[in-house]
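# Reading the structure
Spelled out from the first residue to the last, the chains are:
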Amino acid sequence: MLSLKIMPAYAYNADLLLINAFLWLLMFYICKPFKVLMHPALGAKQTRSLYNCCFIIMYIYSVFAFADHDTYHTWREFALHSKLGGHYEPFYKWLSVFLDGNYFLWRACVWGVAVGSLYFVGRWLNLCNRGFLIIMILFLPHSYFCATRGAAGHALALLGFILFIGDKPVHKRHFILGILAIAASFFMHKSNFLFITFLLIGWLLPLRFSKSAVWTLLLAYPLFTFVITFLLNSFIQGDFKLEFGEDMNIQGYSMEYVELGRKQYSVLTKIIDFYRLLPYLLSCAYLTYKISFKKIKIDKIYYFLYKFSFIAVYVAMLFYFQPASDWLYRRIFFMSIFPMIFVFGKLVGMEATRSKLVKFIFWNQLIYVLFFSFSYWYYKWR
């Protein structure tokens, strides 16, 4: 029987996880994914009511994200202290006090910004179709989106950029709102400066990722990885200082992340982690093949989002093989998912016949969601 009362409140709870499983399966079912997989034209058809419905369910899923570990960790802070302290940004501390220590009301505000921003990005890009929704449902809830408060800052910054660099005529009101959104996002996570940096690079970089550019970057990957390893070792030894995320200075909190990464590093964990990343890497490869190799025609806004995704994935993977930088690659890789789902959703909707790679990505991610995100942790928490 589903038990909503748990002691202590912040303990991992398998029964509460079933709420997320139900909400996710509900979103998945109403989008008719198997029909869309077999009939691409159905995925491209605009359906505003379904779009609104899925985002409402996604919002509820995100607020009551009982399938994510971090939900319980922050819940513990509220349960013990009735407010946030320590490494949390001042905005979130103030919000916890303003809401009188109500944890789920706090989550409702934070993920209201995150989900609401992505909702308006999709509306702006005219992606109110089943193809995009299926991509979002498969990828977003299982990519730390519901776990980290940084999702609010990333989504808000992305909306800000979309408002004033979109293909539609830019109004003065949109420009002002975009600037305000980007400025506000700075206060929502310390790592957001890097997210905005990637956005700026994607926007300002005149380079078009041709075949030769992609192959050059891939061939240069070992060299860049060596350089990153050298810089990271210097950072750990104290030669450099860096603030990134949870008060990431070399004294104190950052070393907890470094030591944790080293303890958790093993060949088995990397294999499991690579399987989790595989659909995202293949999605980036799919975008690269379509845009850089096949030179498919897309609006400039999607090309901007593609460049952002490619750069973020590439930079994240530079840290992938370093045990001490596991936390860093995860944060950067997470940033790439925001623009990736919109470009992927657009290209999937443009397919006349469904490609084998898209089918493989679909089934791979579906298996991961059902048998790891839900089933494994349900068994683990029983």
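For the structure itself, consult the block above.
Summary of the structure given here. Numbering of residues begins from 1 in every chain and follows the order in which that chain's sequence is written. A pLDDT threshold of at least 70 governs which residues receive local features in this predicted model, and a stricter bar of 80 or more applies before side-chain atom pairs are shown or counted, although totals over entire chains, interfaces and linings include all residues. Remark: hydrogens and water are excluded; side-chain values derive from all non-hydrogen atoms of the structure.

## Observations concerning empty space enclosed by the protein
Take a probe with the size of a water molecule and roll it over the atoms, and the empty space left behind shows itself. The way it works is a 1 Å grid over only the protein atoms, where trapped points that fit a 1.4 Å probe form a cavity and open points with protein on both sides within 12 Å along at least five of seven lines form a pocket, and then any residue with an atom within 4 Å of a point lines it. Grid points are joined across faces, edges and corners, and a volume is the space filled by probe spheres set on the points. Applying the stated criterion to the full structure yields 2 cavities of 30 Å³ or more. Looking at the largest cavity, its volume works out to about 120 Å³. The helix and strand labels rest on DSSP assignments: H or I over at least four residues marks a helix, E over at least two residues marks a strand, and numbering proceeds from the N terminus. Contributing elements (two or more residues each) for the lining of the largest cavity: α2 (33-38), α8 (130-139), α17 (326-350) and α18 (356-381). Per-element accounting of the lining of the largest cavity gives the leading share, 5 residues, to α8. Three classes are used, and their members are as follows: Ala, Val, Leu, Ile, Met, Phe, Trp, Tyr, Cys and Pro are nonpolar, Asp, Glu, Lys and Arg are charged, and the others, Gly among them, are polar. Residues of the lining of the largest cavity, tallied by class, amount to 12 nonpolar, 1 polar and 1 charged. Size it by volume and the second largest cavity reaches roughly 60 Å³. Looking at the second largest cavity, the residues that line it are Ser143, Tyr144, Arg276, Leu277, Tyr280, Tyr329, Arg330, Phe333, Phe334 and Ile337. Elements with a minimum of two residues in the lining of the second largest cavity: α15 (267-293) and α17. At 5 residues, α17 tops the list of elements feeding residues into the lining of the second largest cavity. The residue inventory of the lining of the second largest cavity, partitioned by class, reads 7 nonpolar, 1 polar and 2 charged.

## Comments concerning the layout of surface pockets
Volume-wise, the second largest pocket comes out at about 360 Å³. Lining the second largest pocket are 16 residues, with Leu218, Leu281, Cys284, Phe310 and Val313 sitting closest to its centre. The set of elements that each furnish at least two residues to the lining of the second largest pocket consists of α12 (211-219), α15 and α16 (300-318). For the lining of the second largest pocket, the element with the highest residue contribution is α15, accounting for 7 residues.

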